[in-house]
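# Examining the three-dimensional arrangement
In case you want the letters, here they are:
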2 protein chains.
Amino acid sequence: MSLRCNGFRFGAAAAGIKKQSGALDVGLLACESVASAAAIFTQNRVKAAPVRLSQALLRKAGGRAQAIVVNSGNANACTGAAGTRDARQMAAAAAAAIGADAGQVLVASTGVIGVPLPMERVAAGIGAAAESLSADGFDAFAHAILTTDKRAKAAGRTVTIGGSKVTLIGCTKGAGMIAPNMATTLTFVATDARVAPRGLDAAIRAAVAPTFNAITVDGDTSTNDTLALLASGRAGKGKSGLAGADARRFTEALTDLLDELARALIGDGEGVHHVVRVCVRGARSDAAARKVAQRIANSPLVKTAIAGGDPNWGRILCAVGNAGVPIRPERIDLTLDDVAIARAGAAAPDFVEARAAEVMQRPTYDLVVDLHDGKAEARYLACDLSHGYVEINADYRT
Amino acid sequence: MSLRCNGFRFGAAAAGIKKQSGALDVGLLACESVASAAAIFTQNRVKAAPVRLSQALLRKAGGRAQAIVVNSGNANACTGAAGTRDARQMAAAAAAAIGADAGQVLVASTGVIGVPLPMERVAAGIGAAAESLSADGFDAFAHAILTTDKRAKAAGRTVTIGGSKVTLIGCTKGAGMIAPNMATTLTFVATDARVAPRGLDAAIRAAVAPTFNAITVDGDTSTNDTLALLASGRAGKGKSGLAGADARRFTEALTDLLDELARALIGDGEGVHHVVRVCVRGARSDAAARKVAQRIANSPLVKTAIAGGDPNWGRILCAVGNAGVPIRPERIDLTLDDVAIARAGAAAPDFVEARAAEVMQRPTYDLVVDLHDGKAEARYLACDLSHGYVEINADYRT
């Protein structure tokens, strides 16, 4: 059964932007009328033209948009003034095709950096995608945004808010690991919740912190990363503000949806054989917990140990010490799932290497770091640094 | 001809700490009397026992020491109270063997983390190393500090200061790339310069910034990194202060020596096929230039592109944008040796991919990033992230 959401139609087309013949590479997500909209954009200071355009549009329109047009195969990043023109032209073509205002169409691109968009093909693709618009088109849309992902990644949630059933559907495409010369992560969510722009913005910011902002493949943030959310308001009536328990329930459902998409994203990386949940406890502050978790998750030494299934806990302590926050090394405990590997900063008295190595064979496991220095916690999803990663990234264009 | 330095003798022994039978794994560097001493230690907050001991010793002795005792094969890191005791015992054994005060012996260890030192073997090795002490022993000493390095890395310089010929000799052992579950970089320098502790400390801090603090293999700083310098004072007479032009000349010679050792270190990494000098120009401040250079040098995407010889300049701009400093993307120029690859943030008008790919076949080349946003500059030595790195680090203990 296909994922649907009241008030939305989705389209896709194969425009020949990607090298693979017949691959879907233009997607269109359209609301029947102007929707509440919120988005999170890359923190990279080098921002692709579509990112700059969409940021400006959301600011100007006060958090409202009617559609999102996406192409894969070319990131329209580092393309100078021509890139800015091309992004605007994509918005205009999509707006014309669905009868909307160009100032209400968000634009996203993903693919190779530094190459001008083939605008004739893109324009033709947008027209074809508009003709294919259908309430059942989400699966095709989710395919059209992919680059070298192995599979489409889509999910849905329903939640009851104010007596009405609210639907959220989302899709994502990955990730440094898969195609790091691509620009890189795109995520789109449609919901029929009745929620004003300000509430939507608060929800997306709360939901992204423990999900998409707590995964790492290689620590590089791309020029194009975009997570956008449109709300049609078709579920429920009356005022469009979500408050109190309703707002919490909506944010929870959104977080849950993004969590599934983020896990799918990291698990789909070529070269990824293990997804490790790094759980840091007992930190002095949330910021400290987060820094430690992030440092472990990004350490090449830890990531190669994960790849090799080597319970080399000295590398983990070394990464903790490099996180740039005060710690007490002599208090730190390390655990892999149910196996203690270090206690009080030294080898656990009952440490049996074979048991730890056994845990590291599992496709997913928890690495728990207890700093015993406070009450704050943080989690991060990490993965292995394997031959597959080097293969894809060293040899990508040859 | 062996490297020698007035006032110093060097010894080495095979104590059976390393697995390889007969491999030198204990080294001793001894001055005929108490010398001026200065050192730089790891910034990692998890510090091995010998690092903590040596730091305390230098503080207490006001920058004076007579000897350095080193073992390889075991880092004595994350070894709890027993590790602290063992480090002290190493200093005491070395002091007894050469007739010095235990409070004048620096200790360094490198090798596996989290495993107690085999102290009987270590003590016997220190005795044997002391018996082998000789003015011609620097080569053996340089071998005794190695772990999985492919070759010993030693160098010397002479410089005339105040009419006297001053000698500096140094050796180093590597590096994350080679043995990242080892703890990792050790560097020792002996000089006969007549220089007080304060001057020595100033010289070492100035010399380390553009050399050992401007190289990166994988961005991980180990628990044991140590760079120590002893000055016997045998060259020259009179007051032991170096001032003005003399201090500058000494610092220059030291910087030059450390530069050679740092280059040897990064070039000796297994899996390293290309050493790339990342030169950042036109930054608003030294700190900004340094951050940009460091981010490029540590980016897995840039490093895999170097490995693959792929002139994928979008990855470089992406790393610049992730450096966390204000930049103007539309001004940035990128050059590989003499080949322009990007101008004003987009593909260079005359960009020919084949020419750039040709540069990237060279064993060493310059990657120049001009931010056109100020006058500050910084340099960093980077290397490739290759299959060899993953091989060694994923499979090291299996």
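Residues numbered from 1 in each chain as written. Chains lettered and ligands numbered in written order. Predicted model: local features only at pLDDT ≥ 70, side-chain atom pairs only at ≥ 80, totals over all residues. Heavy atoms only, no water.

## What about the overall build of chain A?
The helix and strand tally for chain A stands at 11 helices and 14 strands. The C-alpha radius of gyration of chain A comes to 22 Å, within 12% of the 21 Å expected for a compact globule of 398 residues. The proportion of buried residues among the 398 residues of chain A is 60%. Counting only contacts in chain A whose residues sit at least 6 apart along the sequence, the fraction spanning at least 24 positions is 80%. Roughly 14,700 Å² of accessible area belongs to chain A as shown, and the carbon and sulfur atoms make up 49% of that amount. For chain A, the distance from the average position of its 44 positive side-chain charges to the average position of its 37 negative side-chain charges is 7 Å. (Helix = DSSP H or I, 4+ residues; strand = E, 2+ residues; numbered from the N terminus. Rg over C-alpha atoms; globule rule 2.2 N^0.38 Å. Buried < 20%, exposed > 50% of the residue type's maximum accessible area, 1.4 Å probe, protein only. Contact = heavy atoms within 4.5 Å. Areas by Shrake-Rupley, 256 points an atom, 1.4 Å probe, with all protein chains shown as cover. Lys, Arg positive; Asp, Glu negative; His and termini not counted. Charge placed at Lys NZ, Arg CZ, Asp CG, Glu CD.)

## Here's the deal with the interface of chain B and chain A
Counting residues at the interface gives 55 residues for chain B and 53 residues for chain A. Counting the contacts that link chain B with chain A gives 0 salt bridges. Where the side of chain B that touches chain A is concerned, the elements lending two or more residues are helix 8 (300-308), helix 9 (313-321), strand 12 (346-347) and helix 11 (387-394) of chain B. (Salt bridge = Lys/Arg side-chain N within 4 Å of Asp/Glu carboxyl O.)

## Some points on the packing of helix 5 (residues 197-208) of chain A against helix 6 (residues 244-267) of chain A
How two helices pack is summed up by the angle between their axes together with the distance between the axes. Residues and elements named next belong to chain A. At their nearest, the axes of helix 5 and helix 6 sit 9 Å apart, and the two run at 45° to each other. Viewed along their axes, helix 5 and helix 6 adopt a mutual orientation that is oblique. Viewed along their axes, helix 5 and helix 6 form a crossing whose handedness is right-handed. On the side of helix 5, the interface is formed by L200, A203, I204, A206, A207 and V208, while helix 6 contributes F250, T251, L254, T255 and L258. Taken together, the residues of the contact of helix 5 with helix 6 break down into 9 nonpolar, 2 polar and no charged. (Axes fitted to C-alpha atoms, helices over the stretch in contact; angles between N-to-C directions. Parallel < 35°, antiparallel > 145°, perpendicular 65-115°, else oblique. Left-handed = near helix turned anticlockwise from the far one by under 90°. Nonpolar A, V, L, I, M, F, W, Y, C, P; charged D, E, K, R; others polar.)

## Focus on the pattern of salt bridges
All names here are of chain A. With the rule as written, the count across this model stands at 30 salt bridges over all chains. Close ionic contact of D373 with R328 constitutes a salt bridge, the shortest N to O distance being 3.2 Å. Of the two residues, D373 is situated in the loop between strand 13 (364-370) and strand 14 (376-383) and R328 in the loop between helix 9 (313-321) and strand 10 (333-336); the sequence distance between them amounts to 45 residues. Residue D373 is classed as buried on the basis of its relative accessible area, which comes to 14%.

## Examining the sheet that holds strand 14 (residues 376-383) of chain B
Residue and element names in this part refer to chain B. Strand order in the open sheet made by the 6 strands is 12-11-10-13-9-14, with mixed pairing throughout. Two strands bound the open sheet, and with one partner strand each, they are strand 12 and strand 14. As judged from the 4 bridges shared by strand 10 (residues 333-336) and strand 13 (residues 364-370), these two strands associate in the antiparallel manner. When the bridges of strand 13 are listed, L334 appears paired with V369. (Pairing = 2+ DSSP bridges.)

## Observations concerning the packing of aromatic side chains
Summed over all chains, the structure comprises 10 aromatic pairs over all chains. Here F8 of chain A and F10 of chain A contribute two aromatic rings whose centre-to-centre distance is 6.4 Å and whose plane-to-plane angle is 15°, an arrangement assigned as stacked. As far as the burial class goes, F8 of chain A and F10 of chain A line up, both buried. Taking the centre distance of 6.1 Å and the plane angle of 25° together, the rings of F138 of chain B and F141 of chain B count as stacked. Placement of the pair is F138 of chain B and F141 of chain B together in helix 4 (residues 138-144), with a separation of 3 residues, close to one helical turn. Given the relative accessible area of 1%, F138 of chain B is considered buried. Members of the aromatic cluster, connected to one another through ring pairs, are F8, F10, F138, F141 and F188 of chain A. (Phe/Tyr/Trp six-rings, centres within 6.5 Å; stacked < 30°, edge-to-face > 60°.)

## Thoughts on the relation of the copies chain B and chain A
The pair of chain copies shares a relation made of a rotation about an axis and a shift along it. With an axial shift of 0.0 Å and an RMSD of 0.0 Å, the rotation relating chain B to chain A amounts to 180°. Expressed as an axis order, the relation between the two copies is that of a two-fold axis. Closest approach to the rotation axis among the C-alpha atoms of chain B is made by H387 of chain B, whose C-alpha sits 3.0 Å away. (Least-squares fit on C-alpha atoms with pLDDT ≥ 70 in both.)

## Observations concerning the confidence of the model for chain A
Residue and element names in this part refer to chain A. Of all residues in chain A, 93% attain a pLDDT of 70 or more, and the chain-wide mean is 90. Contacts for the low-pLDDT stretch residues 177-182, under 50 throughout, to residues beyond four places or in other chains number 38 contacts. As scored by the predictor, the complex reaches a pTM of 0.81 and an ipTM of 0.79. (pLDDT = per-residue confidence, 0-100.)

## Some details on helix 9 of chain B
Note that an α-helix has 3.6 residues per turn; residues three or four places apart therefore point the same way. Of all 9 residues that make up helix 9 of chain B, 9 are buried, and the element is covered over most of its length. Of the positions making up helix 9 of chain B, those classed as buried are W313, G314, R315, I316, L317, C318, A319, V320 and G321 of chain B.

## Examining the sheet that holds strand 14 of chain A
Residues and elements named next belong to chain A. Here we have 6 strands laid out as an open sheet, ordered 12-11-10-13-9-14, and mixed in their pairing. Lying at the two open borders of the sheet, with one neighbouring strand each, are strand 12 (346-347) and strand 14. In the packing of helix 7 (residues 286-298) onto the sheet, the strands contacted are strand 9 (275-283), strand 13 and strand 14, and the crossing angle to strand 14 comes to about 20°.

## Notes on unusual backbone geometry
Residue and element names in this part refer to chain A. Unlike most non-glycine residues, C78 shows phi in positive territory, near 55°. By the element assignment, C78 lies in the loop between strand 3 (64-74) and helix 2 (80-98). Here the phi dihedral of A344 falls at roughly 55°; this positive angle occurs in a residue that is not glycine. Mapped onto the fold, A344 is located in the loop between strand 11 (339-343) and strand 12. Among the residues examined, A344 registers a relative accessible area of 43% and is labelled partly exposed.

## So, the environment of G170 of chain A
Residues and elements named next belong to chain A. With respect to the helices, strands and loops of the structure, G170 is situated in strand 6 (residues 164-173). Each C-alpha atom of the pair G170 and S299 lies 30 Å from the other, and the pair is 129 residues apart in sequence. What G170 contacts, discounting residues up to four positions off in sequence, is F138, K153, A154, A155, F188, V189, L257 and L261.

## Here's the deal with the environment of T335 of chain B
All names here are of chain B. With respect to the helices and strands, T335 occurs in strand 10. Sequence separation between T335 and L367 is 32 residues, and the spatial gap between their C-alpha atoms is 5.9 Å. The contacts of T335, once residues within four sequence positions are left out, are A340, I341, R343, D366, L367 and V368.

## Overview of the side chain of T167 of chain B
Residue and element names in this part refer to chain B. For T167, the position within the fold is in strand 6 (residues 164-173). Using a relative accessible area of 13% as the deciding quantity, one classes T167 as buried. In this structure T167 touches R4, C5, R157, T158, A190, T191 and D192, once residues within four positions along its chain are discounted.

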